[in-house]
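# Working through the structure, step by step
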Amino acid sequence: MSKQMKSTIAYTLLILGSVIMIFPFVWMVSTSLKTALDVYTLSIFPENPTFGNYLRIFQDTLFGKWFINSIIIAVVTTLSVAFFDTLVGYIIAKFKFIGKTIIFIAILSTLMVPTEMLIIPWYLMSSQFGWVDNYWGLLFPGLMTGFGVFLMKQFMEGIPDDLLDAARVDGLGEFKIFWKIAIPQVWPAISALCIFTFLSNWNAFLWPLIVLESAEIFTLPVGLSFFASGEFESQWELIMAGATITALPLILVFFLLQRHIIKGITLTGLK
Amino acid sequence: MAETTTTTTSQPLKPKPKKRKSRLTLKQSKYLFVYSCLLLPLIFYITIRFYPTLYTFNIGFREWNILSPEKPFVGMENYVALAQDPVFRKSLWNTLIFIVFGVSGQVVIGLAIALLLQRINKFVGVFRVIYFIPYVTSIVAVSWVFRWLFMNNGIINEFLVNIGIPPQLFLNSPDQAIYIIIGTMVWQALGFQMVIFLAGLENIPKMFYEAAEVDGANSWHKFKSVTLPLLNPTIVFSVVIGSINFIQVSFTQVVNMSVNAAGGPLHSTITIVVYIYQLAFRQYSMGLASAATVILFLIVLAITIFQMKVLSRKFDY
Amino acid sequence: MKKRFLHVLVLALILLLAACGGDSDTGGDSGTSDNGGDSSSGEGTSDGESAGEGEIVEIEYWQYHFDSKVKLIDELIEEFEEANPGIKVKHTTFPYDQYNERVAAQVPAGRGPDVINLFYGWVPRYVDSGYLQPLPQDAFPHDEIESEFFPMVEAVKLDGEYWTIPTAVRTLALFYNKDLFAEAGLDPDSPPTTWDELVEYSIALTKRDNNNRLQQAGMAWEPSQQGHHWFRDALLYQAGGQGLSDDRKTILWDSTPAGLEAFKYWLDFPTTHGVAERDFYTDDVTAFRTGHAAMNVDGSFRIGTLQNDAPNFEWATAPLPMKDHRSTQSSFWSNGITSGVEGAKLDAAVKFLQFLTTDEVMERWLDEIGELPAKESVALQDKYLNHEIYGAFMEQLPYANAHFFVDESQERDLVIQAVDRVLLQNVSPEEAFEELVEETQKLFDNYWANR
């Protein structure tokens, strides 16, 4: 098979796949542009397109505040996770020390308990320490994640030991080795970690809902959850508008970060 | 390496103990670095993660309906009750199906997409965004769309009838519903797997491929002898995290897609997490829910360790 | 070496600062973190100078979030505070879906409301765990409740005490699409009134396409929505069946043939008559709203949405078609006082509850929210009974039943399961019904054993 043909096949497959991938999203956006009456007409192109649902969200809610709160939470947790998880992952991957396996398994095991079951003890803590209804209460559970440690450990293991030892010989301090040598090697993984952390904190719902009380400090998903559903039914056009607004910043963040899933500096001077 | 250290020390007076000492310092400084870096994370994990988890485990041995101030100790009663509970057993079985089909599906297709994306040079960014979009689309919104597609008189049945196949029950069928839900979950997780694999592929030094090409390897050969082994840490990660995520995420998906919003029909789509949730917040049996959490924890831990043992291969650089 | 620690230290400091910063926020916030109702009421108390002389008692009220309810309660709180200087009511709401989680998280932490709005089916559990205190009998005498309120309110009478009291209730009735009636040659002004008529009508209203696939359902049918209520509290009694024994310990559905008869009648819509399908246009409400189902059994709570959405057809409501007896299902949300409340707070809470159950508030509740007054004298006024839409719901109130749930979600699931057994696993209705009675009885046995 020629190279040309291979890439034609690749494009064809990717384009076919794209349709499946994007279709529900398109439907979601299209529904968000419909009036309540048209929601169930199910056509992809709204008959009477309207921005009314978005306008309602902007006007009837504290959208601006919630948006900023969500950004703050997502950015702070992403920075914290990116730093600490990378560091811990590096240490577990590249050092031998007592308790290493146990620490790793223990950290990983934190992923195995459903968040729903941690809400009560977290809330007890928050209530005791005065974290209810403030930023700290909102973000403390997500400052470090087993997910990130595991991801970074896997990628750090790929760095040749010789590279690090060579740096030690050159007299570089341990932190400098981590910062200057190791990190550039796993830049793609760090970018991926940032994407996922940002995303999961942006979408975080249950814990924020439980710990927050005042509308001013709500995050976007929490605020919007008050908006369109009730005991018996949901206003889908509003839910879809809310979901679209929530998703758009994520697509932007992904679009900006995905370029970095390419090694930053090629430091493969080894071998 | 040890020699390098000695040669740099410039005091010849007592060479032997000095040598040992400077060696220790290197080791010590490593240890110091390791533990000082681990200090904050350990404090975090112990207080924010382990302590609450132990709290939950403790409740597993108690009877507690959340509202009452008393939590009498009941020993293994909750575990016995769960062992006799057919719904719980069903949820265990379903969880297994979720993992087996869901994880293999998303890892294989995710890897395929990442490989395809590596082959093209134009519109790479656009395709990445498109394939990532399901991952950022709200599960609630997606579930609504899929329910319309799969309903009795929906588009998919319309299509089946037109080509002469009888309409299917899909989400209403105790045999089909779970696979449809798994399918949507795989669909949604592909963006995640794609990013992980893209990062993993990027981590493979190009020179290995070049070396293989020099040896005259074809594409399949390169994939088998370079990509797969060097991608092993990524694959391990994908499988392990995929399994764990699948167990957790199944909650929202099942609640939004199953016909009775609780793992129906006939408990055919209920997973452990959904059941834990129902026990805790619908029936207020925190004791049972906590005991189920412990069982879930042990199962996932076992699966994880098994996966890591079986899948991890040491690759020699 | 030192430098790298500096990095870590600085980061740790930042985190700590964030923590402290957060802390000081709470200090400022927690006192004032209320909803709109309170901030506007601030004005109310400040001009009623008398607030200065006594202690201000603040009580917290919880309900789930529903726009019109939140708005009305905010207004009512404002009026209540004006009339009762010295009492402040903090109004907190949560999304309906997460109501239980929120309660579950806050109660163990010793936070929580003084007055809480609960679905009547949840009340037994709250009573059992000692979360509620009985309504004081001097303020809410039993003979008064029993003579003024509709009998269904007895569902929240446990151990000889009333634990909560509703402002409003809802019932089920038949919604029908007048346009489709006319199209099928039926008189849009004479809806079906008996079981047999309902079947006849739904057959006349059903359309199938060339492939024999349902195109228009004569009857919307969804056990997971109101369907299980329709069976349990309406059809069963209509056929002459019985619900629970007087001591509420025994399920009597199978004590007469009526129970099975009702179950079969209900199941015949999708099976024998083929006039309904589950999951048709995703659910009954959507099917009716989009004009794909001609009739539906639904609650008074649906009126608001149908009016807002203004579907492009004429619709009307009618009392549920009956057999030998009349019956409909009713349910309600009701307010209770939590157990720790005492002294001045208790007085304030009682006053607030009395205010929420006045005739005037009940009338406003109907106007603003569309839920039916819980008191007979208010509901059965001519202006309501003759109302073209509410009338059907009102006139059924005197004979409406509210099943005593020991576990609302599990009892619902059992009915759905019985339906699934018949529709999906070809189990005979007799067997499925027997299982349903048995399994439900088990839930009751379990409940009573643990009391």
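In the annotation of an unreviewed UniProt entry, the entry for chain C reads Multiple sugar transport system substrate-binding protein, and the organism field reads Evansella vedderi.

As annotated in an unreviewed UniProt entry, chain B carries the name Multiple sugar transport system permease protein and is attributed to Evansella vedderi. Entered under Subcellular location (unreviewed entry) in the UniProt record, the comment concerning chain B runs "Cell membrane". According to UniProt, the comment filed for chain B under the heading Sequence similarities (unreviewed entry) is "Belongs to the binding-protein-dependent transport system permease family."

With that settled, the discussion passes to the UniProt feature "domain: ABC transmembrane type-1" (unreviewed entry) in chain B. Those residues carrying the UniProt feature "domain: ABC transmembrane type-1" (unreviewed entry) are residues 92–307 of chain B in this numbering. Annotation note: span residues 92–307 of chain B, helix share 77%, strand share 0%, distance between end C-alpha atoms 18 Å.

Turning our eyes to something else, we now look at the packing of aromatic side chains. What the rule picks out here adds up to 91 aromatic pairs over all chains. An angle of 40° between the planes, with centres 5.3 Å apart, marks the rings of A:F129 and A:W131 as tilted. These aromatic residues form a ring-pair network of at least three members: C:W62, C:Y64, C:F94, C:Y96, C:Y99, C:F119, C:Y120, C:W122, C:F332, C:W333 and C:F405. Over the ring of A:F104 we find A:K153, and its NZ or CZ is 4.5 Å from the ring centre.

The domains assigned to chain B are domain 1 (2–59) and domain 2 (77–311). Computed over C-alpha atoms only, the centres of domain 1 of chain B and domain 2 of chain B are separated by 39 Å.

Their axes nearest at 9 Å, the elements helix α1 (residues 3–32) of chain A and helix α6 (residues 139–150) of chain B cross at an angle of 100°. One way to sum up the angle between α1(A) and α6(B) is to call them roughly perpendicular. Of the residues in α6(B), those in contact with A:F23, A:P24, A:W27, A:M28 and A:T31 of α1(A) are B:A141, B:W144, B:V145, B:F146, B:W148 and B:L149.

With that settled, consider the interface of chain A and chain C. Facing 39 residues of chain A, the contacting portion of chain C comprises 46 residues. Of the roughly 3,600 Å² buried between chain A and chain C, counting both surfaces, carbon and sulfur atoms make up 61%. Three residues stand out in chain A for area buried against chain C, namely A:F226, A:E231 and A:F232, and they jointly supply 19% of the buried area on that side. Inspection of the region where chain A meets chain C yields 1 salt bridge. Split into classes, the residues belonging to the side of chain A that touches chain C amount to 24 nonpolar, 8 polar and 7 charged.

All right, on to the interface of chain B and chain A then. Each partner contributes residues to the interface: chain B has 89 residues there, and chain A has 91 residues. Of the roughly 8,500 Å² buried between chain B and chain A on both sides combined, carbon and sulfur atoms contribute 80%. Contact with chain A buries area across many residues of chain B, yet B:F33, B:Y45 and B:W144 alone supply 8% of it, more than any other trio. Linking chain B to chain A there are 0 salt bridges. For the pair chain B and chain A, the interface holds 12 residue pairs in polar contact (both at pLDDT 80 or more). Broken down by secondary-structure element, the contributors of at least two residues to the side of chain B that touches chain A are α2 (15–59), α4 (86–119), α5 (124–136), α6, α8 (177–202), α11 (232–257), α12 (272–282) and α13 (286–311) of chain B. A per-element tally of the side of chain B that touches chain A places α2(B) first, with 20 residues. Residue classes in the side of chain B that touches chain A are distributed as 67 nonpolar, 16 polar and 6 charged.

How each quantity is defined
- Residues numbered from 1 in each chain as written.
- Chains lettered and ligands numbered in written order.
- Predicted model: local features only at pLDDT ≥ 70, side-chain atom pairs only at ≥ 80, totals over all residues.
- Heavy atoms only, no water.
- UniProt positions renumbered as here; feature names shortened; annotations may be inferred.
- Helix = DSSP H or I, 4+ residues; strand = E, 2+ residues; numbered from the N terminus.
- Phe/Tyr/Trp six-rings, centres within 6.5 Å; stacked < 30°, edge-to-face > 60°.
- Lys NZ or Arg CZ within 6 Å of the ring centre and 35° of its normal.
- Domains from an automatic or database assignment.
- Axes fitted to C-alpha atoms, helices over the stretch in contact; angles between N-to-C directions.
- Parallel < 35°, antiparallel > 145°, perpendicular 65-115°, else oblique.
- Contact = heavy atoms within 4.5 Å.
- Buried area = accessible area lost by both parts, 1.4 Å probe.
- Salt bridge = Lys/Arg side-chain N within 4 Å of Asp/Glu carboxyl O.
- Nonpolar A, V, L, I, M, F, W, Y, C, P; charged D, E, K, R; others polar.
- Polar contact = N/O pair within 3.5 Å; in protein donor to acceptor, adjacent residues only side chain to side chain.

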